[in-house]
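The primary structure of each chain is shown beneath.
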Amino acid sequence: MANFTIDSKDNRTYDAIVIGSGISGGWAAKELTGKGLKTLVLERGRNVEHIKDYPTTNKMPWEFEHRGQMPKEITKDNPVISRCYAFHEDTAHFFVKDTEHPYVQDKPFDWIRGYQVGGKSLLWARQVQRWSDYDFEGPARDGFAVDWPIRYEDIAPWYSYVEKFAGISGNKDGLDNLPDGDFLPPMDLNCVEKYFKEKLETQYSGRNLIVARCAHLSEPQAIHLEQGRGQCMNRNLCQRGCPFGGYFSSNSSTLPWAMKTGNLTMRPNAVVHSIIYDEEKEKATGVQVIDSESKESIEFYAPLIFVNASALNTNTLLLNSKSNRFPEGLGNDNGLMGKYVAFHIYRGKISGSYEGELGNTTVGRRPTSGYIPRFRNVYKQETDFLRGYASGFGAHRRVEREYEGIGQSLKDNLLNPQWGNWRVGSHMMGETIPKETNTVSLDPTQTDKWGIPLLKVNIDYDDNDEKMIQDFFEQFTEMYERAGFTDIQTRDTGQAPGLDIHEMGGVRMGKDPKTSLLNKWNQLHACPNVFVTDGSSMTSTSTQNPSLTYMAFAARAVDHAVKEKNKLNL
Amino acid sequence: MDRRSALKQAALLAGGLAWLPSCDFGPQRAAVALDNLQLDTDLQDLLAKVAATIIPSEENESGEISPGAEEMDLYRFILVMVDDCLPSEDQTAFSNGLKQLTLFTKAHLEKPFPQKEQTENEAILTQLMEIEEAPAATEGAEVSPAEQLKDIQTFLGITKRYTIQGYMVSEYFMTEKFPYKLVPGPYQACVSTEGLTVM
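Fair warning: this is a prediction, and the values are worked out from it, not measured in the lab.

## Topic: the overall build of chain B
If you tally the helices and strands in chain B, you get 7 helices and 3 strands. Secondary structure elements of chain B, listed N to C terminal, follow the sequence α-α-β-β-α-α-α-α-α-β. Contacts in chain B between residues at least 24 apart in sequence constitute 68% of all its contacts with a sequence separation of at least 6.

## Some remarks on the overall build of chain A
Scanning chain A from N- to C-terminus turns up 13 helices and 22 strands. On C-alpha atoms alone, chain A measures out to a radius of gyration of 24 Å, which is about the 25 Å that the 2.2 N^0.38 rule sets for 570 residues. Taking the principal axes of the C-alpha coordinates as reference, chain A spans close to 75 × 55 × 50 Å. Across the 570 residues that make up chain A, the buried fraction comes to 52%. Pairs at least 24 apart in sequence give 71% of the contacts found in chain A among residues at least 6 apart.

## Concerning the pairing of strand β8 (residues 297–301) of chain A
One ladder, built from 5 bridges, connects strand β7 (residues 283–291) of chain A with β8(A); its direction is antiparallel. Bridge pairing links A:G286 to A:Y301 in β8(A).

## Digging into the interface of chain A and chain B
At the junction of the two partners, chain A supplies 39 residues and chain B supplies 43 residues. Among the secondary structure elements, those contributing two or more residues to the side of chain A that touches chain B are α2 (72–77), β13 (360–363), α11 (408–415) and β16 (418–431) of chain A. Class assignment for the residues of the side of chain A that touches chain B results in 17 nonpolar, 13 polar and 9 charged. Two elements, β13(A) and strand β3 (residues 188–192) of chain B, share 3 bridges in a ladder whose sense is antiparallel. Directly across from A:V363, in β3(B), lies its bridge partner B:Q188.

## Quick notes on unusual backbone geometry
Note that the residue after B:F113, namely B:P114, is joined by a cis bond; omega there is 5°. A positive phi angle, close to 50°, is found at A:R67, a residue other than glycine. Within the secondary structure layout, A:R67 lies in the loop between β2 (39–42) and α2. Note on A:R67: 20 C-beta atoms within 10 Å, which makes it buried. In this structure, A:N234 is a non-glycine residue whose phi angle is positive, near 60°. Examined against the element boundaries, A:N234 turns out to sit in the loop between α8 (222–226) and α9 (250–260).

## Observations concerning the sheet that holds β8(A)
Residue and element names in this part refer to chain A. Across the sheet, 3 strands lie side by side as β6-β7-β8; this open sheet has antiparallel pairing. Pairing within the sheet leaves two strands with one partner each, and these edge strands are β6 (270–278) and β8. Between one strand and the next, the sheet's axes are offset by a mean angle of 30°, whatever the strand orientation.

## Focus on the environment of A:T541
All names here are of chain A. Among the structural elements, T541 can be located in the loop between β22 (527–532) and α13 (547–566). Look at T541 and you get buried, because 29 C-beta atoms sit within 10 Å. Along the backbone, T541 and M233 are 308 residues apart, and their C-alpha atoms lie at a distance of 32 Å. For T541, the residues in contact, after removing those within four places along its chain, are A342, F343, H344, E431, T432, H502 and M504.

## Some words on the nonpolar core
Of all hydrophobic cores here, the largest spans 152 residues; its most connected members are A:I17, A:I19, A:V162, A:I305, A:V307, A:V530 and A:M551. Per-element accounting of this core gives the leading share, 11 residues, to α13(A). Among residues more than four places away in sequence, those in contact with A:I17 are A:L40, A:L42, A:V287, A:F300, A:A302 and A:I305. Within the second largest apolar cluster, 39 residues are counted, among which are A:L410, B:I55, B:L98 and B:I124.

## A short note on the sheet that holds strand β9 (residues 305–307) of chain A
Residue and element names in this part refer to chain A. Spatial strand order, β5-β2-β1-β9-β22-β21: 6 strands in an open sheet with mixed pairing. With one partner strand each, in any of the chains shown, β5 (264–267) and β21 (523–524) form the two edges of the open sheet. With 4 bridges joining them, β2 and β5 adopt parallel strand pairing. Within the sheet, the bridge partner assigned to T39 lies in β5 and is L264.

## Quick look at the packing of helix α1 (residues 23–34) of chain A against α13(A)
Residue and element names in this part refer to chain A. At a minimum axis separation of 8 Å, α1 and α13 run at an interaxial angle of 30°. Between α1 and α13, the interaxial angle falls into the category roughly parallel. Seen from above, α1 lies across α13 with right-handed handedness. On the side of α1, the interface is formed by I23, S24, W27, A28, E31 and L32, while α13 contributes S547, Y550, M551, A554, A555, V558 and D559. For the contact of α1 with α13, the residue count by class is 9 nonpolar, 2 polar and 2 charged.

## Concerning the environment of A:W131
Residue and element names in this part refer to chain A. Relative to the helices and strands, W131 is located in the loop between β3 (104–105) and α4 (133–136). You can call W131 buried: it has 27 C-beta atoms within 10 Å. Considering only alpha carbons, one finds W131 and T541, 410 residues apart in sequence, at a separation of 9.6 Å. Setting aside its immediate chain neighbours within four residues, W131 contacts F136, S542, Q544 and T549.

## Overview of helix α7 (residues 191–203) of chain A
Three or four residues apart is the spacing at which side chains of an α-helix point the same way, because the helix has 3.6 residues per turn. Across its 13 residues, α7(A) extends 18 Å between first and last C-alpha, which sits within 8% of the 18 Å expected from 1.5 Å per residue. Where α7(A) is concerned, the buried positions are A:C191, A:V192, A:E193, A:Y195, A:F196 and A:K197. Looking at the buried side of α7(A), the elements it contacts are β12 (348–354), β13, β14 (370–372), β15 (389–400) and β16 of chain A together with β3 of chain B.

About the thresholds
Residues numbered from 1 in each chain as written. Chains lettered and ligands numbered in written order. Predicted model: local features only at pLDDT ≥ 70, side-chain atom pairs only at ≥ 80, totals over all residues. Helix = DSSP H or I, 4+ residues; strand = E, 2+ residues; numbered from the N terminus. Contact = placed C-beta atoms within 7 Å. Rg over C-alpha atoms; globule rule 2.2 N^0.38 Å. Buried ≥ 20, exposed ≤ 12 C-beta atoms within 10 Å, placed from the backbone. Pairing = 2+ DSSP bridges. Nonpolar A, V, L, I, M, F, W, Y, C, P; charged D, E, K, R; others polar. Axes fitted to C-alpha atoms, helices over the stretch in contact; angles between N-to-C directions. Core = buried A, V, L, I, M, F, W, Y, C linked by C-beta atoms within 7 Å. Parallel < 35°, antiparallel > 145°, perpendicular 65-115°, else oblique. Left-handed = near helix turned anticlockwise from the far one by under 90°. Expected span 1.5 Å × (residues − 1).

Set out below in structure tokens:
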């Protein structure tokens, strides 16, 4: 391809290429550069530098023109992103607007994306619960998807490895369904959360309430200070980007760390069109990139390629990487790529009041909440649906104001609020069963502005999901009643899949190349110098927030790749 | 955009003047520029009067001013929110209601809005918000009193909502009254409410 601004092929050749700079790509970059590999990180979005590019981070609430609300002009044309809980006037610049990057919804699917250096690691909810063998053994035990090619013991040391560097606040709770990790001091549960914990744990066996583990520096260690990060100040304005580096993001942690090695080349505005496969060498040799600003097409080369484009975009990229050898997409010999996509059910919510602890309240803010690990079907199948759900739990003291009337009396009322009851609430995080019918594929005719086919999404809830939602309502209503909560209300948000922002699969790991795409080291079975370590690689979804597991897989895969490279197997 | 820079100037002014009670608006005052609403300076002044009636300023015995909608220029915030964030049917009702306000009160109430005294204005707006049955139509009127009243009540509801929001998310409210901390420090999970500011 004619290109005069790019010099020789040698200068476009690296030891490794990482596609995507989000939470897993950042880890791949850190590990590769740390092991001495000259690494090119390609990011389709713009550059976002830690602190410098957080324009709203120190703004006060009254400094936002619409006090946080998004103008109608934007919400009208961008209904999907406008449904995201974190999309507001202070964060909107980090989210992809629907109109900027269209996709095809065969069924409603809210695809939440962050195209910039750091990706969604700037925006995530920072919840980092480990998965356990009750998750990794799930498909084999319950007969769905395929067996995971790994077990907890394979990933456990890598959980520790990433936890120590990222900095995870958590309590050692000693629960076998939610393994402990290498934690910084935990955040505190408040008095009503402790009250509910006590009620729950004495009234039920196997139901626990803990403070959720979160990627915040509750007490920074030397390794965190060395990253230039400091103590979490409980601002709870994380999605604006944190000037203290109090929470983990690629921008605050892995990418600057990788940069310090001198081995990292960052290239933002680089949309990867496809991975280049060399039929003689029988391996991938590089990537074809479109510069989103100059529209130039450029090729970059490396013997090792990490795909961390985010779950669904990784599917798009691999499906679009067609060659004579792989007419249906790179590594897609069995035709299963893009299938068995799954997600988490966030539809169920419940709230109530508590009329005790009226002499107490909380002061300040806390960037995490209570967490109730999965208690359904953990040790054996016990309901008429498969798997189960974890749940959040939070309590806060209500402040009540009278808004009647106008004039001086109204003003006096606004200036003189009264303490109300405590309000309590939970939301479910349900595991879904990966199915062949839940798919993503390339649209046969429509393309984006760079000629890349649009992604077509065909994902829906099923009967198992509906039963699980009902069970959440029933169980939590009972648990709330038994705790003496009043005014209990359940709500099915009816939200489409995707809004959970935990879409996974399509390029699943497995033991058998006939039924999976990746091996136990996250290598494409049919093209082993390509590693996929983002959400697309997940065989099943567990109930726990998946980012920590992506990070651990990325670090583990790099370790394996470099060992293999040194043995000249790659 | 004109409106944006006008707002910024207003914010600067508000900060610089530190809640001095303002006099009537001078003749030089520029209207807030809007994308969807068409409201001239007089109507914007009338809106400011409504907002100031909903949340008035007051002076205590020692001469300190507790600022209200007028000192905070909340009519600007209300206009921005209505113009940018409301569906067009609400924008139309808001504009119509504002435009009909003086006419309607002149025709159907004892005194037209606005009056000089806060108490009189409060009484008029309260009465307007509470009327359940519209007055009978007068001959030759273009818009029926029922339609007028409906729009006026929608207008007053919207204006009250945004006046309250603008007041509670103002620098004054969030620094002087209920201090918002950008960097709050440690989370205290269980604290006695004794002696604490309710917030």
